[in-house]
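# Analysis of the macromolecular model
Chain by chain, the residues:
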Amino acid sequence: MPLKIPEIQSPERFSELTLTREMLEDALRGALMKIDLAIETMDGAFPSAASKNNVYQPTENTGSWIAGFWTGILWHAYELSGEEKYKSLALSQIPSYTKRINERLGVDHHDMGFLYTPSCVAAYKITGDEEARRTALLAAENLAARYQSRGGFIQAWGALDDPTKYRLIVDCLLNIPLLYWAAEETGNNTYDKIAFIHFNTTADVAWRADAGTYHTYYFDYESGKPDYGATKQGASDDSSWARGQSWGITGPILTYAYKKCERAMHYFKASTNYMLNRLPLDYIPYWDLIFGDGDGEPRDSSSAAITICGLLEGVKHMEESDPLRAIYYNAACHMMSSLILGYTSRTVREANGLLLHGTYTRPSGNGVDEMNIWGDYFYMEALHRMLDPEWKMYW
Ligand code: GLY
């Protein structure tokens, strides 16, 4: 049965809200001050995934999935301010990505898009830097090599011949734009095919009938048949981890941007409505969508920032006559206003990041009610999208 798009339960919550240019520019000034502080405190290193007591620690570009967000923040800062210092710092980081892929430093996983799109693809799109292009293409090749034809998906983590690791995760919808881009750039359609098969397999298995998403989904190693959904970072296998739902909003609309495929638009709307129906009073989700006001659980501000970007991408492609279009634009404004007024780090002197109250992984207690670097990245992207609707996206 095709996935049903849930009705918006309280459309009045998404009435028109004007975010003035003045307010957005003021928010940008605040963000740039914090980026400057991060540059100073990082002294050439990369900020950690999550802060400790609202301070990021310096790390190398060798492990994890997050380095690209810092470089991406610098690209947004450069494009929005025109200040050369952001561009030269971002460009100076590109060789670390080249070294990383060439020497295979922490690249045996699927997060090539998160790592290489906001850093290297952005560098190439903005400056034409050839090393950045070559490096991003190597990352795309690495990502495509994780494609499992039995099942038709890109395996998230672990050895490709390990039957216990035979699964996809919904987050990967943000990695596959790297493949669409690589196909356009090289003319090699295999990248596009793998990305689109992966999108369709994810759509087949990761959405439940009510349009909430599984975080991860296992396949049978021998037959490739879909097996079962399970969470890694959510509250339970059957709940919707807030950030996973946001990946399930922004991911499909990025596939739509490349493929103009109605199924991607449909899944974008279904997951969006599921999320909008579960937003607390201030529009910023708790870390898992089963929680609401009064449950005493932490928020994940990054989920809001990711969602805003998806909504703003969506309204670019939706028909003016579509009644959801205004709701989505207004929802983005309500979420953004709430982030700017209640979640930015402006008043926290020592904070060297942008958005407070993110949650990395609540079950393991990692980065709970802290800043996280992807929240900061998507907040900058959201500001950019609002200040310049013509922004040429890095994805
Ligand atoms: N993609 C990993 C995360 O969202 O935490």
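All of the points below concern the structure found in this document. (Residues numbered from 1 in each chain as written. Predicted model: local features only at pLDDT ≥ 70, side-chain atom pairs only at ≥ 80, totals over all residues. Heavy atoms only, no water.)

Turning our attention to the packing of aromatic side chains. Summed over the entire model, instances satisfying the criterion amount to 30 aromatic pairs. Aromatic pair Phe-14 and Tyr-283: ring centres 6.0 Å apart, planes at 65 degrees, arrangement edge-to-face. With a gap of 269 residues between them, Phe-14 in the segment before helix H1 (21-42) and Tyr-283 in the loop between helix H9 (262-276) and helix H10 (301-317) connect regions that are remote in the sequence. Centre to centre, the rings of Trp-207 and Tyr-267 are 5.0 Å apart; their planes meet at 90 degrees, and the pair counts as edge-to-face. With Trp-207 in the loop between helix H7 (189-206) and strand S6 (216-219) and Tyr-267 in helix H9, the pair connects residues that are 60 residues apart, well separated along the chain. Judged by relative accessible area, which is 8%, Trp-207 ranks as buried. (Phe/Tyr/Trp six-rings, centres within 6.5 Å; stacked < 30°, edge-to-face > 60°. Helix = DSSP H or I, 4+ residues; strand = E, 2+ residues; numbered from the N terminus. Buried < 20%, exposed > 50% of the residue type's maximum accessible area, 1.4 Å probe, protein only.)

With that settled, consider unusual backbone geometry. In this structure, Tyr-283 takes a positive phi of about 75 degrees despite not being glycine. The backbone of His-357 shows a phi angle near 60 degrees, a positive value even though the residue is not glycine. Topologically, His-357 is positioned in the loop between helix H11 (323-342) and strand S8 (358-361). For His-357, a relative accessible area of 29% corresponds to the partly exposed category.

The next subject is the pattern of salt bridges. Opposite charge on two side chains lets them pair, provided their charged atoms get close. Tallied over the entire structure, the rule returns 20 salt bridges. Among the ionic pairs, Arg-243 bridges to Asp-300, the shortest N-O distance being 2.7 Å. Here the residue Arg-243 occupies a position in helix H8 (residues 242-259), and Asp-300 occupies one in the loop between H9 and H10, the gap between them amounting to 57 residues. Using a relative accessible area of 1% as the deciding quantity, one classes Asp-300 as buried. Here Arg-385 and Glu-381 are joined by a salt bridge, their closest N and O atoms 3.0 Å apart. With Arg-385 and Glu-381 both in helix H12 (residues 373-387), this residue pair falls four residues apart, about one helical turn. (Salt bridge = Lys/Arg side-chain N within 4 Å of Asp/Glu carboxyl O.)

On inspection of all chains with the given rule, the structure shows zero disulfides. Cys-333 takes part in no disulfide bond, and the closest cysteine sulfur to it belongs to Cys-309, at a distance of 13 Å. (Disulfide = S-S within 2.5 Å.)

Quick look at H12 now. Taking 1.5 Å of rise per residue, the 15 residues of H12 would be expected to cover 21 Å, and the 21 Å separating its terminal C-alpha atoms lies within 8% of that figure. Buried residues dominate H12, accounting for 15 of its 15 residues. (Expected span 1.5 Å × (residues − 1).)

What follows covers the pairing of S6. In S6, alternate side chains face the same way, and those of Thr-216 and Tyr-218 on one face and Tyr-217 and Phe-219 on the other are all buried. Pairing analysis gives three bridges linking strand S5 (residues 167-169) to S6, with the strands arranged antiparallel. Note that in S6 the partner of Ile-169 across the bridge is Thr-216. Here S6 pairs with strand S7 (residues 226-230) via four bridges, running antiparallel. Its bridge partner being in S7, Tyr-217 is matched across the sheet by Gly-229. Counting the residues between successive antiparallel strands, the hairpin from S6 to S7 contains six residues, one of them, Gly-224, with a positive phi of roughly 80 degrees. (Pairing = 2+ DSSP bridges.)

Here we come to the nonpolar core. Core analysis: the biggest nonpolar cluster contains 134 residues, and Ile-35, Leu-179, Trp-374, Phe-378 and Tyr-379 have the highest contact counts within it. Leave out the neighbours within four places in its chain, and Trp-374 touches Ala-49, Trp-65, Ile-66, Phe-69, Arg-243, Ser-302, Ile-306 and Tyr-360. Ranked by size, the runner-up nonpolar core spans seven residues in total, among them Phe-153, Leu-168, Val-205 and Tyr-217. (Core = buried A, V, L, I, M, F, W, Y, C linked by side-chain atoms within 4.5 Å. Contact = heavy atoms within 4.5 Å.)

The local shell around the ligand consists of Trp-65, Asp-171, Gln-233, Trp-241, Arg-243, Trp-247 and Tyr-360. Measuring from an oxygen atom of the ligand, one finds a side-chain N or O atom of Gln-233 at 2.9 Å. With respect to the ligand, the side chain of Trp-247 contributes an N or O atom lying 3.1 Å from an oxygen atom. Notes on the ligand: free accessible area 200 Å², of which the protein chains cover 95%. For the shell around the ligand, the per-class residue count stands at four nonpolar, one polar and two charged. (Near = heavy atom within 4 Å. Polar contact = N/O pair within 3.5 Å; in protein donor to acceptor, adjacent residues only side chain to side chain. Areas by Shrake-Rupley, 256 points an atom, 1.4 Å probe, with all protein chains shown as cover. Nonpolar A, V, L, I, M, F, W, Y, C, P; charged D, E, K, R; others polar.)

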